[in-house]
Amino acid sequence: MSASPQTDSTPVAMRVAYAEHLREELQEYAPYDLYLPSMEPVEKVLTRLYETLGVKREVQQHVQQVPFPSLALLVEQANILSTKVKEANGFQELLVFKKTETTPQPGHVTDVKARPDLVAAFQQHWYDGAMPSTKKTHPDSETDFETYVPWPCIRLAGEIASKGESQDDQEQHAATYVDLLMTARADLKGGFGLLAGQDFIVLMFGEAGERVHLYPFAWATPELNEAMLIMVHHLYCPGKWEDPNICMRYDKADHSCWYEIDFPSNEGKAGGHTDCEGSVEGEPVTQTNSNGRAALNSQTEADEKAGLGNERATLSKFICRYATSAFGTRTHVFVRSDPVPESPNVVKLQLCQKSTRFDEVEILGLIHQGGVVPGVVRLACHEILSDFTPGRNQVRLGLEQAGLPFMAIPNIRMLLKVAYDVLEVTRLLHEKRSVIHRDISGGNVMYMPNGDTLPPGPPRRAQQTNPGFNDSESNSPAPSTHQPRAAASPELVQHEDSFNQEINSTSRGQATTERTYCYIKCLLRESKDPRESNMLLIDFNRSEDLQTSKLRDDSHKYVRTGTPMFMATSMETGNPQPLSQTATSVTTPAIPEPHPLYKEKHPERCKRFSDWETLRVFELGTKPVHQVFRHRLYHEAESVFWLIFYWVMCRAYSQLHLHYTGQPTLLKSGG
């Protein structure tokens, strides 16, 4: 069964100081030029702004320009200009600029308490705009509602230059607000910020997956007046910079924001590819057509062949739970507020380089081909948008299971149970699917308090058993499971024949009972179902298909990958760890006798290591080995150790914080 999404009642949560990481992220992903007005003619700066936004210069000639003489009049003049743009273009809502330097704006997906000095948002989204008849205060402060607006509703976030800071630091702080805006606004491909000083103003435009562009101007110049007009019009109507497939909904009653996300019902949509299945109440029902793709029941194959496939299925009531890397891979994860079995309960949006060898859709299709693997996230639908930004595609995944963050694990016993299951599933993926995850981290291991098992009931669609899958233990490599593998979503069926039955194998003349895998709950006899787990492994974007890698020459490009905090030490350095400059041999300790319950479930597995029950000494070779250092299964195991270490350290910190301050610490998963 699917677990519920994270709520405020999560037993343990950790809030990482998100803002501290923004500077490093911007330095890596968002290069920009310093504000040097003498280096670039102002007319060229204005031309660059038009080119970046992709608009023609005469687009707003019918609107009277408003002068911007100084910093003191910035907000007042911006609101006058906003009113003119609204009236001239017939926009329904008024965009309002306000100074908010003392107000931490609420509702950011990262829980960061950032205070932009200047914010623009539509009037109905400001707290006082939603409740104009009364003057109330925000529950967390004495400030009245007029300076509060949820981050998902913000259209511009700016910084007023501080006298005590260098120009570099000023621009960095302003760019940080652009980063926060781009992580808060999944429905925008680009967002505006600004840096305003006594002698200058710098307009900033953040381009998703790319960089922050700077456009410096002096006050009281015609070029600035024109630039402000174009910027305000863009805030009203982003055009190509607004994602038409994501719609943010604002609830005035509690100032909350949720999303509607559209997926096309077939692959007739220009520039994209999709594969959807499953339905929920109130959403279009899908069926499978002759070519294996899902189509709306109202959509006929004749319409599809005629190119009339414009129907879209809307997934509603999704809350944004995670966002990162606005100028890199820009990832957003949405969770359905009320999970529905066997339907998309999680939507992941991510920008991916076109040159990526393996994509998550392909890997998940491979993993679940021939039988669904419990403990691994299941794909319900997907869409790939080509050229979402220059050089990048956007991959949209609809996933079935929703879980809690890794740091929501309540105690050490459950932590060890989750760690065991991660080891078990990575071994299974390696041996039976030739897949290695390569990014075992706190952000990619979810906690499932109610367990993750295969969906109950009869299969929704028949699926042919993969003849290359053998559910018995063996010392020999598993036969190939890589029969024609189109990048399609896995079939969600109960594969009882290969996953739930016990396999009889003969060893040393005796019949034994062996399982391909058995998660810890069954091993400890807490469950009769060997597939039930309190762990869910997600995010296979960095995974590798080992069998395909053997046929390619570019594997060296993908050696070092993962989340640094959780990477195996040798993977982080790119070389095996040296033992000693003088050592000529290495001694490995004996493997202890396996627990009787483990031995009962995995007799053949235990026999592999029967000769390791004593101390062993290995002589070290003197000849250097010239080969590419690659990610191996034992590196995944070391990452699990760092997972345990991370949980223990974070829990210890939270206990110390509670002891000295009397206040609980909210913890969020790292990675």
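Attention in this report is confined to the structure presented alongside it. (Residues numbered from 1 in each chain as written. Predicted model: local features only at pLDDT ≥ 70, side-chain atom pairs only at ≥ 80, totals over all residues. Heavy atoms only, no water.)

Okay, the overall build of the protein next. The helix and strand inventory of the protein stands at 16 helices and 26 strands. Taken across its 671 residues, the protein has 54% of its residues classed as buried. In the protein, once contacts between residues fewer than 6 apart in sequence are set aside, the share between residues at least 24 apart is 72%. A total of about 30800 Å² of accessible surface is found on the protein, and carbon and sulfur atoms cover 52% of it. (Helix = DSSP H or I, 4+ residues; strand = E, 2+ residues; numbered from the N terminus. Buried < 20%, exposed > 50% of the residue type's maximum accessible area, 1.4 Å probe, protein only. Contact = heavy atoms within 4.5 Å. Areas by Shrake-Rupley, 256 points an atom, 1.4 Å probe, with all protein chains shown as cover.)

A few words on the sheet that holds strand S6 (residues 200–207). In spatial order, the strands read S2-S3-S4-S5-S6-S7; together these six strands make up an open sheet with mixed pairing. Edge positions in the sheet fall to strand S2 (95–99) and strand S7 (211–218), since each of these pairs with one other strand and no more. Taking the axes of each pair of neighbouring strands and ignoring which way they run, one obtains an average angle of 20° across the sheet. Strands S2, strand S3 (118–122), strand S5 (190–196) and S6 of the sheet are contacted by helix H3 (residues 74–89), whose axis makes an angle of about 175° with S2. Against the sheet, helix H5 (residues 167–184) contacts strand S4 (156–160), S5, S6 and S7, and its axis sits at roughly 155° relative to S5. (Pairing = 2+ DSSP bridges. Axes fitted to C-alpha atoms, helices over the stretch in contact; angles between N-to-C directions.)

Before going further, it helps to examine the packing of H3 against helix H6 (residues 222–236). To describe two helices that pack against each other, one gives the angle between their axes and the distance between the axes. Orientation of H3 relative to H6, taken along the N-to-C sense of each, is 60°, at an axis distance of 10 Å. Our classification of the angle between H3 and H6 gives oblique. The crossing of H3 and H6 is right-handed. Across from Leu74, Leu81, Ser82, Val85, Lys86 and Asn89 in H3, the residues of H6 making contact are Met228, Leu229, Val232, His233 and Tyr236. Its residues placed into classes, the contact of H3 with H6 shows seven nonpolar, three polar and one charged. (Parallel < 35°, antiparallel > 145°, perpendicular 65-115°, else oblique. Left-handed = near helix turned anticlockwise from the far one by under 90°. Nonpolar A, V, L, I, M, F, W, Y, C, P; charged D, E, K, R; others polar.)

Now for the side chain of Asp421. Mapped onto the fold, Asp421 is located in helix H9 (residues 412–433). Lys417 is the oppositely charged side chain nearest to the buried, salt-bridge-free Asp421, at an N-O distance of 7.8 Å. Side-chain polar atoms of Asp421 contact the backbone nitrogen of Ile520, separated by 2.9 Å. The residues touching Asp421, leaving out its near neighbours within four places in the chain, are Tyr519, Ile520, Ser533, Asn534 and Met535. (Lys, Arg positive; Asp, Glu negative; His and termini not counted. Salt bridge = Lys/Arg side-chain N within 4 Å of Asp/Glu carboxyl O. Polar contact = N/O pair within 3.5 Å; in protein donor to acceptor, adjacent residues only side chain to side chain.)

Attention now moves to the environment of Leu404. Structurally, the position occupied by Leu404 is in the loop between strand S17 (392–399) and H9. For Leu404 and Tyr447, which are 43 residues apart along the polypeptide, the C-alpha to C-alpha distance reads 5.0 Å.

Tallied over the full model, the rule gives nine aromatic pairs. Look at Tyr127 and Tyr148: their rings are 5.8 Å apart centre to centre, the planes differ by 25°, and that puts the pair in the stacked class. Of this pair, Tyr127 sits in helix H4 (residues 127–130) while Tyr148 sits in the loop between H4 and S4, and the two are 21 residues apart along the sequence. Take Tyr127: its relative accessible area is 6%, and that puts it in the buried class. For Tyr148, a relative accessible area of 2% puts it in the buried group. A ring pair is formed by Trp642 and Phe645, whose centres lie 5.7 Å apart and whose planes are at 90°; its orientation type is edge-to-face. (Phe/Tyr/Trp six-rings, centres within 6.5 Å; stacked < 30°, edge-to-face > 60°.)

With respect to burial, S6 is a largely interior element, eight of its eight residues being buried. Taken together, the seven bridges between S5 and S6 define a ladder with antiparallel strand orientation. Bridging across to S6, Leu194 finds its partner in Leu203. In sequence, S5 turns back onto S6 through a hairpin of three residues. Where S6 and S7 come together, eight bridges link them in antiparallel fashion. Each residue of the ladder has a partner; that of Gly206, found in S7, is Val212. Here S6 hands over to S7 after three residues, with Gly209 in that stretch at a positive phi of 75°.

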